[in-house]
Every structure is written in C-alpha cells, then in structure tokens.
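Coordinate analysis (summary)
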2 protein chains.
Amino acid sequence: MSVKGFLSAAVAADLRYHGRPDLGLILAEAPCSWAGLFTQSVCRAAPVIWSRDRAAAGLGRAFLANSGQANAQTGAEGELNCRRSAELVGGAAGCAPEEVMLASTGVIGPQLNMKALAPAVPRLVAALGPDRLDDFARAILTTDTRPKTAGESFDLGGRRVTVWGCAKGSGMIAPHLATMLGFLLTDARLEPGLLRAILAEGAELSFNRVTVDGDTSTNDSLMIMASGASGAPEIRSGEALEKFRLAAFTVMKSLARQIARDGEGATKLVTVRLRGAASEEEAKKAARTVAESPLVKTAFFGQDANWGRICMALGRSGAVFDPYAVDIDLDQVPWIRNGLDNGREEAATAVMKKPEYVLDINLNAGPHGCEMLTCDYSHDYISINGSYRS
Amino acid sequence: MSVKGFLSAAVAADLRYHGRPDLGLILAEAPCSWAGLFTQSVCRAAPVIWSRDRAAAGLGRAFLANSGQANAQTGAEGELNCRRSAELVGGAAGCAPEEVMLASTGVIGPQLNMKALAPAVPRLVAALGPDRLDDFARAILTTDTRPKTAGESFDLGGRRVTVWGCAKGSGMIAPHLATMLGFLLTDARLEPGLLRAILAEGAELSFNRVTVDGDTSTNDSLMIMASGASGAPEIRSGEALEKFRLAAFTVMKSLARQIARDGEGATKLVTVRLRGAASEEEAKKAARTVAESPLVKTAFFGQDANWGRICMALGRSGAVFDPYAVDIDLDQVPWIRNGLDNGREEAATAVMKKPEYVLDINLNAGPHGCEMLTCDYSHDYISINGSYRS
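Just so we're clear, the structure is a prediction, and the values are computed from it rather than from any experiment.

Glancing now at the overall build of chain A. When helices and strands are counted, chain A shows eleven helices and 15 strands. Radius of gyration (C-alpha) of chain A: 22 Å, near the 21 Å computed for a compact globule of 390 residues. For the C-alpha atoms alone, the extent of chain A along its principal axes is close to 70 × 55 × 35 Å. When the 390 residues of chain A are sorted by exposure, 62% land in the buried category.

Let us now look at the pairing of strand S1 (residues 6-11) of chain A. One face of the sheet, then the other: side chains in a regular strand alternate in exactly this way. Residue and element names in this part refer to chain A. Of all six residues making up S1, six are buried, and the element is well covered by its neighbours. Covered by surrounding structure in S1 are Phe6, Ser8 and Ala10 together with Leu7, Ala9 and Val11, the residues of both alternating faces. Where S1 meets strand S2 (residues 23-38), six bridges bridge the pair, whose relative direction is antiparallel. Bridge assignment links Leu7 to a residue of S2, and that residue is Leu27.

Residues and elements named next belong to chain A. Not every positive phi belongs to a glycine, and Asp14 is a case in point at roughly 55 degrees. Relative to the helices and strands, Asp14 is located in the loop between S1 and S2. Despite not being glycine, Asn338 has its phi angle at roughly 55 degrees, a positive value. Within the secondary structure layout, Asn338 lies in the loop between strand S12 (333-337) and strand S13 (340-341). Judged by C-beta crowding, with 13 C-beta atoms within 10 Å, Asn338 ranks as partly exposed.

What follows is about helix H6 (residues 238-261) of chain A. Because each turn of an α-helix spans 3.6 residues, side chains separated by three or four positions in sequence point in the same direction. Taking 1.5 Å of rise per residue, the 24 residues of H6(A) would be expected to cover 34 Å, and the 34 Å separating its terminal C-alpha atoms lies within 8% of that figure. Of all the residues in H6(A), the buried ones are A:Phe244, A:Ala247, A:Ala248, A:Val251, A:Met252, A:Leu255, A:Ala256, A:Gln258, A:Ile259, A:Ala260 and A:Arg261.

What follows is about the domain arrangement of chain A. On domain assignment, one finds that chain A holds domain 1 (6-261) and domain 2 (269-386). In this structure, domain 1 of chain A and domain 2 of chain A have C-alpha centres spaced 33 Å apart.

Now for the pairing of strand S5 (residues 148-156) of chain B. All names here are of chain B. Sheet analysis places S5 next to strand S6 (residues 159-168), joined by nine bridges and oriented antiparallel. Residue pairing in the sheet places Ser153 in a bridge with Thr162 of S6. In this structure, the hairpin formed by S5 and S6 is closed by a connection of two residues, where Gly157 is found at a positive phi of approximately 55 degrees.

Right, let's get into the nonpolar core. Among the nonpolar cores identified, the biggest contains 259 residues, and A:Ala62, B:Ala62 and B:Val290 are the most heavily contacted of them. When sequence neighbours within four positions are dropped, the list of residues in contact with B:Val290 reads B:Val272, B:Val296, B:Ile310, B:Ala313, B:Leu314 and B:Ile361.

All names here are of chain A. Direction vectors running N to C along helix H7 (residues 280-292) and helix H9 (residues 307-316) enclose 140 degrees, while the axes themselves pass 8 Å from each other. Compared by their axis directions, H7 and H9 come out oblique. The crossing of H7 and H9 is right-handed. Contacts between H7 and H9 involve Ala286, Thr289 and Val290 from the first element and Ile310, Ala313, Leu314 and Arg316 from the second. Class assignment for the residues of the contact of H7 with H9 results in five nonpolar, one polar and one charged.

Moving on: the environment of A:Asp341. Within the secondary structure, A:Asp341 sits in strand S13. Note on A:Asp341: 17 C-beta atoms within 10 Å, which makes it partly exposed. On a C-alpha basis, the gap between A:Asp341 and A:Asp327 in space is 9.6 Å, while along the polypeptide they are 14 residues apart. Sequence-distant contacts of A:Asp341, defined by excluding residues within four places in its chain, comprise A:Trp307, A:Ile336 and B:Gly109.

Quick look at the environment of A:Leu117 now. All names here are of chain A. Locating Leu117 in the fold gives a position in helix H3 (residues 114-126). The buried category is assigned to Leu117, around which 22 C-beta atoms lie within 10 Å. Residues Leu117 and Glu356, spaced 239 residues apart in sequence, show a C-alpha to C-alpha distance of 40 Å. Those residues in contact with Leu117 that lie beyond four places of it in its chain are Ala13, Leu15, Leu23, Ser85 and Leu112.

A word on the packing of helix H1 (residues 46-56) of chain B against helix H2 (residues 75-93) of chain B. Residue and element names in this part refer to chain B. Close contact between H1 and H2 brings their axes to 8 Å; oriented N to C, the two are set at 50 degrees. By the criterion of interaxial angle, the relationship of H1 to H2 is oblique. Crossing hand, H1 versus H2: right-handed. Between H1 and H2, the residues in contact are Ala46, Pro47, Ile49 and Trp50 and Gly78, Glu79, Asn81 and Cys82, respectively. Looking at the contact of H1 with H2 residue by residue, the classes come out as five nonpolar, two polar and one charged.

Looking now at H9(A). Burial within H9(A) is extensive, with ten of its ten residues counted as buried. Buried-residue contacts for H9(A) involve H7, helix H8 (294-301), strand S11 (327-330), S12 and S13 of chain A together with strand S4 (100-107) of chain B. Trailing H9(A) by a residue or two, A:Gly318 shows a phi angle of about 105 degrees, which is positive.

All names here are of chain A. Per-residue confidence for chain A gives a mean pLDDT of 91, with 93% of residues at or over 70. With pLDDT under 50 throughout, residues 172-178 is counted as low confidence; its partners more than four residues away or in other chains account for 43 contacts. Here the prediction assigns the complex a pTM of 0.79, and the interface score ipTM is 0.74.

What counts, and where the lines are drawn
Residues numbered from 1 in each chain as written. Chains lettered and ligands numbered in written order. Predicted model: local features only at pLDDT ≥ 70, side-chain atom pairs only at ≥ 80, totals over all residues. Helix = DSSP H or I, 4+ residues; strand = E, 2+ residues; numbered from the N terminus. Rg over C-alpha atoms; globule rule 2.2 N^0.38 Å. Buried ≥ 20, exposed ≤ 12 C-beta atoms within 10 Å, placed from the backbone. Pairing = 2+ DSSP bridges. Expected span 1.5 Å × (residues − 1). Domains from an automatic or database assignment. Core = buried A, V, L, I, M, F, W, Y, C linked by C-beta atoms within 7 Å. Contact = placed C-beta atoms within 7 Å. Axes fitted to C-alpha atoms, helices over the stretch in contact; angles between N-to-C directions. Parallel < 35°, antiparallel > 145°, perpendicular 65-115°, else oblique. Left-handed = near helix turned anticlockwise from the far one by under 90°. Nonpolar A, V, L, I, M, F, W, Y, C, P; charged D, E, K, R; others polar. pLDDT = per-residue confidence, 0-100.

Shown next, in the form of structure tokens:
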C-alpha cells in the first residue's frame, strides 16, 4: 500500500519485544498539513505531551511509533527521550525534530529503551520506501491479533485522491477517545484547521463509539497528515469537502470496527443500536452502559439470549424510560416486546451464535439514538490481561 | 443462630433449582418495626415494588425470600404473584399480606413458579423454629459459594441485645446500592424512622463500598426488623443509640466484606484506600474507577504489580491530580513514590500473591478519601457468567 507523498518503513528495534517489527516511521517527502487528537487522561504519556504541542503548529513531516513500551509515567527522563527520539529521526531524515510526531504503546512505567532505539532509527530511515505502509501497520501492534488498515479513493479535479489509515487497539478501548493509536494519511491538500475538524468529527462517529473494556489509556493518539501530492486542488468546502469527509469517515469507521472485532480475546462483534431515548445524553449513557456491562459481555460470550442482563444495564444507566415499553430486536428477530419475552428465544439464541450481530434496543421514550460497537468478554480476555506484562 | 422474637425456616420449593433450599421465611412473633432500602434501577423487580410500599408502613411481620427466580420484568402477572405469595404466607402464618416483605434473586424474565411456591409455603410455616436463621441464609444464595452471616451483641439496661444479618451477593455487585439481598434482625426496640436512618447510613459505609463487576440488579433489597423482644428499653438517642449503630454497622460491614470475598470467581479481596483527593466526589470517583477497572481487576488476578493500569484508571477517573505526586503502598510496601516506581517491585509482587491486601493510593491533591472493597476478575468469572442460565 502507498499514498502519494509519503515513505514508510518498520524495523525490529528490540525495544521490549524481540525479533518482530516494533518501530515504524512515516515520512512526508515535504512539509505538509497535520493534526492530532490525544487522550483525555490526566496521566498523559510523554509522547502525547510532545505530539500535542507539535500538532498545534499545523505543519510537519513524520510519525514515529513504537510498540512494547508506552513511555508513560516516565517523568522528565521520558520527555527528554521524546526529544532525543525526534532528534534522531530529524538527523537521519533531514527534518527538524519539531516536525516529528511520536506515539508509543505498551507497558507503562519503564523508560524507553534508548540503547535499542538509537541505532534502529538510521536503519529505519534507510529502509524507507513508498510501498511499506503495511509494515508500519504491523509495527504498532501489541496484543492485537492482526493489523488494521483501511483505504478509500475518489476523483477530484481529474486526479485520484486517497485516504489511508491504520490503527492498533485491543484492550483499553473506551469511548472517550477510544484508546488506541491511529494514523491517517492523505494525498489531498487541506489546511490544518480543516483537517483537525474532520479528524474530531470522524473520531466522534467511529473510535468514540467503540468499547472493549471501558478503560482508556495514557497514550491514545490519532494523527493525520495531508501531503497534497495527488495534485488535486485544495479542499476547502462544497462537494470536494463532502467527498473527503465521506472517505475519511469511512476509513475511520472501518478501523474502529476492526478494533472492536479484535478486542482482547473477543469472539463476538456486537452493534448496540440504542433508539427511542428521551435525550441524546440518555441515549449515549444507555448504549454505553449496555456495551460496557461485564454481565452483558459475558452473556454475549455465552451466547445466552438473557434479556435480564440487558434490562439490568439499561435500568442502572441513568436513562429514564418505562421498562414495559422496551422493544429489542436481535438482528431481525423481534425478541422483546413491551419489556416482555416475545416467545422467540430460540431464534434470538440462533442470532447470538453468529460472530456478528445487531442488538437493537428501542426505549420508546423519545427520538434520540446512539450506536456503539462492542465485543464479548471471553476466557482469553482474562488470560491476556492476567499476564500481559509477563 | 437465633434472635429473640423471630422464627425462621427454609425449604426446597424447587422453583428453579432442584433439591436445595430456595425459599426462606423469617416471621416475627408479633408486629414489629421494620424498614427497607431498594435498588435505584429504573427496572425494579415486582418484589421490590411490593416491598417498598410495605416498608413505608413502618410495621410488619415477615420476610419471604426465594432464589433462582428474580420475578423481574414480569409485568402485571409478576405483581399479582407477589400479592399471592404474601397472601399464602399470611394465610399460613396468621398475619396480613401487607405485613410480609418479599425478596427474590435469580433469572430475570420468567414468571414466578407459583405451582411450586404455593404448596411450599405451608411446609415452610410448619418448619418455623427459633434456631433456623442459618437455613434462611442458605436459601437466598445463587452463585454464591457460601452463606454470609454476621452477628453482634451488646448489653443495654441489663439485657443482652443482638443484631444479626445475612446476605447474598456474588455478581451484579456495585456501589449504588451494592446489588444484593440483605436481611437484618434485632431484638432491640426502635422506631421505624430511626431504623431506616441507621440502615441508610450503614449501607453507605458498607454495601455501597463494595464492587464486584460494577453492575447493579433489578432486585437489590436490604431489610431490617426490630422485635424489641430483648426486653431492653427502647433505643432513641445517646449511648444506647451509639451502641446499636456500632453493632449494626459492624454486621453490615462484615456482610459487605463477605460479599466482596465471594465475588463470582474471585481469588483476591482488595481494599482500595484512596486518599489525598481534592474533593469527596473526586475521591469516590477515583476509588471506584480503580476498583471497577477490568484491566486493574485482571492484573489482581494475574498477581501483577502493574502500576500502569492503576495510573490509567486514575487518569480517566475524573479526579484532578499531578501524576508525579502520586504515592502508592501495597500493604506496607512503598511501591510508587511521586508517580514513579520505587524499586520495590519484588516486595510489591509478594503482597499481590496474598489472598487479601490493601492498595493504598495517595493522590496528594487534597484532604478527601474513600475506601472501596473489590475483587479480581478470574477465568471463573467468565465461566460462571457465560453460562449462568444454562
């Protein structure tokens, strides 16, 4: 995969993992518009602190990302290691350190392994090529079982414009900024302010609608660069902007979906479609409470059409509704009507045996809705997280 | 076990479980003060609706409790079955139906098995005796692995006064009203209003400080009856009230602790002691976010002294603090100082191998604190909840 105006590469730097790519670089051939969104946690990792400041400048050249070490709760030394990392990239690639955004994912606490990182950066720059975005996408993974990438193209002013993205997710995925690293590239030309607005709007429709375990990390970052190398005219408004938004949102939604499907140990991908809430706030609360309830998520795993657990989650969500007005469909099966079992348990159970389905809840209390993607809690979630560091 | 003025019994009614006690009755020998606290869920089970109205009257005679069926989301028929159950008890025991509070725990949705319940009630009344509170305590269990009872006594006016309680917990334990059934008895004499105030205050210090999975049920109920049969003077204020409060709070705290220790599949009992928050609200939020975080709870299970996960939970909790001012002790081990690892990981890991320990977090941001009891997420949590109904 390639996007015009960008080179990329990945190497095994052996920061913490051994013998697998754990360090990736994307380099724009010339300075270009960029933007970023970052975790809302009070405990921000050093690369988040670094990149938030850089993103504000609006122009830059490179994304450097590593897996295995989060460089979070690492204090002044952690921040210094960010500067040194950016300087290493700048020195080898011929750009200013301030033109490098950083992202890390992995264990919180330990200092970045600079002894391993320093010699790896020149190798990384030497390996840069136009067709290695998939390598980058693999280098950012931790407990993910597969890389997550998506791309969309459209025609603009006689040129082909592409939006591409990759992400890592797995645990700590929650709807604040869904915890993850995400990187978007486009060869369209846009102003940084517009890029940031589209990124924020798209995140709200995609990553902020995904939950794996309700936890949010110290390292959440979503970044975008626009090279303009497609040669298409600058996108400002009108139909061109609509086309770009559609492409960008499609990419972000696809990545969010891949994150939910690959939740740690997940065997099910469930869309919680909440309708009929009295307010938007209540719709979000109700959808999120169902999507994050451990008892609902274990019932998904157990393939158990257990209305009681959904009722329990809705009841404590803060939404106001009449429990005897609730209708629920599982895919097309009218499972619950007026808060009571509709005699379709066998068909409902058959839906729950599918790897992917829609849980459509209508509170019948108003016009507001919210959709969330979630997955189940399996034995493997416990296994993975009981021993993640070891 | 016995408390003066009360008879009790349990039988196997085979409502849903077979061949084990699933129906319990406590009968006061004469009308006495009572009070109740109930779930804050919008979806209230039929027995909760019934008992809340009865509790308001302030005087009553009996608690009837069953396990296996929740009688929740059962509509008008569910409410009618409550009335019929109370009438059955009233008819057999010689009291008014309105003098019977009801509590149910189990699967949500199905109607109460009245065919099994109706013939069981006369057997239950026939079995009543002064020494069968432990039988009652066993009849209310679902996935609990052991009964939970506690008792305290003190001298008042030359008489011995007793407070006794039993509870069932396991899953759906969260700090709203910690989801559970709880029954308290005393042979002291108190006005219903005072009884209710003590119940509410005690719940805030005990059951509302316990979390197993952050879920809250449709059936949470905590009830108390005071027979006055000890012969001690009525408790109104002063030293007598202090003695009673102390005894009642001790019983409630013990039951809450037993609930946390017996959380579904739990292998660890962890006290999260949060100190140094800027406000009481932030202290509660921070303690609760740590105590409920799935990633923290799986780390407890994995016996992994992983500061990163606690940092992550604190960071997203809504509390405001400097991440580099945080101190954390595991029992007496000074594990984290100023947000950084204090070089005591081996000792910290040794604490986490214990079945029970204190996680003492000081945000160093103010004078407020909050303590919560929690447990770990184990493979068994998933097994139990993936197949609870089957």
